[in-house]
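Here's the letter readout for the chains.
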Amino acid sequence: MPNALATLTLALWPFVTVVLFQKLPPGRAVIVTLLVGYLFLPEPPAGFDFPLLPPLTKHTIPALSAFFMWFWLYSDDFRPLPRSPLAVGLLFLFIFSPVATALMNLHPVYWGEFVIQAMTIKDSIGFVIQQILLVIPFLLARRFLTQAEDQRDLMYAFMIGGLIYSVPMLLEIRLSPQLNFWIYGYYQHDFVQTIRFGGFRPMVFLYHGIWAAFFLLMSILAAFALWRAQKITSNWALLGAALYLTAVLVLAKSLGAWLFAAALIPSILLLGTRLKMLLAVCIAAFAITYPALKGVGLVPETAILEAAGNIDPDRAASLEFRFTNENRLLERAQEKPLFGWGNYNRNQIMNPSNGVIETITDGRWIILIGQLGWLGFLAEFGLLVLPVFLLWRETRYRSTEDYSVLIVPLSLILAVNVFDMLPNATLTPLTWLMAGALTGYAETLRDDRGAYQSNNRLQWRPVL
């Protein structure tokens, strides 16, 4: 169980946030509050569990603290809703669809002699509050990270965060993942899953080694993008940082992050701006259509398993286990397709003879479809990938000199993060932070386009 230091650090973080907002510009204060909190605060079960509220943890306390600072310091300009009607619709669907989920699940579920409890109106209230807490980083970033300078700050923050985090990661690669236990008094995940390829996969203070490796991947892509966006011959420090982080990622022993790095680093370095943006759009489109493709049998599972087996038979076996669970859970979800089964493991499959849950939900998409239905899935994934499509629309009407080129690799990082939510539940405050920042920048570009068209009475044409 978490020790007193874990509780104390979470309790003190709102005061840290106040200091950050007093010392830094608001955009940078938002970035530092959420990024440092995500990387260094203790993972659940550390947190505060108040009646009628979802647990307050490292994923919600920094965001909630920053939100209150926004309201306190900038109440005269407090406009939390996006300007895109589609984004507003997805946001309201994301927040309030759990009410319909609860109303559709007011009866218990029976598995033989075993019973899973019904949902209540109180559950729906807690669910709505949970959704609001989840989406706060998106709203903060959409408000305070709307300019080209903010996108650069975010990319630099990812790179610097990766450089700092690489030190404890290297320590855990050598000694095994012990830092969370030494400092906060508990292991945040099954220790057996940290053993990979004859060594250890670091976690530091994150939920799992996959999460740590993916953040390191984000840092690598940010470093290469910053180097590529500037005068290459005069920024060898950025290249050195990118190569160093890549070496640490190799040592981190995470196959998924390796594959992403092998595909994305050459894309960042070699592809033109428009091709990179198109790649981000394609990845985002696949991520949001994957459940439908899987439902109609268009995902080539056999070919994927054979390819994975050629790389690592153990990882192929793990992937086959995931596919089997996904297929069973997707069949279960089809019984309540629109709003899902709600919580309390009602979306899972129970053995009626002994009451043991037989399925495991790994991917974020299958969790959403099972608990909140297709509408809940489309609301969350739609909010996350919408800025990629909005920016694609806006950048098609401009030369590359008319917008920050860093939004393109940032869109690619966001799209890959959403793609990674298919096999894993890697939704973090940083995912929402990127989505909100890109949404805010897309709104800025749209305003500029509207002003140009109004002043010149011209219709823009796509730049081919």
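Just so you know, these numbers come straight off a predicted model, no measurement behind them.

Caption draft 1: View of unusual backbone geometry. A cis amide bond links Pro-44 with the next residue in sequence, Pro-45, at an omega value of 20°. Inspection of the secondary structure puts Pro-45 in the loop between α2 (26-40) and α3 (61-73). Backbone geometry places Val-204, a non-glycine residue, at a positive phi of 55°. One can find Val-204 in the loop between β4 (199-200) and α8 (209-229). You can call Val-204 buried: its relative accessible area is 1%. A positive phi angle, close to 65°, is found at Tyr-344, a residue other than glycine. Of note, Tyr-344 is situated in the loop between α13 (313-333) and α14 (364-395). For Tyr-344, a relative accessible area of 32% translates into the label partly exposed.

Caption draft 2: Molecular detail of helix α10 (residues 255-270). The terminal C-alpha atoms of α10, which comprises 16 residues, lie 23 Å apart, in line with the 22 Å expected from a rise of 1.5 Å per residue. Taken as a whole, α10 carries its principal kink of about 25° at Ala-261. Taken residue by residue, α10 has Leu-255, Ala-257, Phe-260, Ala-261, Leu-264, Ile-265, Ser-267 and Ile-268 as its buried positions.

Caption draft 3: Local environment of α3. If you check α3, its first and last C-alpha atoms are 18 Å apart, about what 13 residues at 1.5 Å a residue would give, namely 18 Å. If you check which residues of α3 are buried, you get Ile-61, Pro-62, Ala-63, Ser-65, Ala-66, Phe-67, Met-69 and Trp-70. Structurally, α3 contributes buried residues whose contacts are with α1 (4-23), α2 and α5 (121-144).

Rules and cut-offs
Residues numbered from 1 in each chain as written. Predicted model: local features only at pLDDT ≥ 70, side-chain atom pairs only at ≥ 80, totals over all residues. Heavy atoms only, no water. Helix = DSSP H or I, 4+ residues; strand = E, 2+ residues; numbered from the N terminus. Buried < 20%, exposed > 50% of the residue type's maximum accessible area, 1.4 Å probe, protein only. Expected span 1.5 Å × (residues − 1). Bend = angle between axes of the 7 residues up to and from the residue. Contact = heavy atoms within 4.5 Å.

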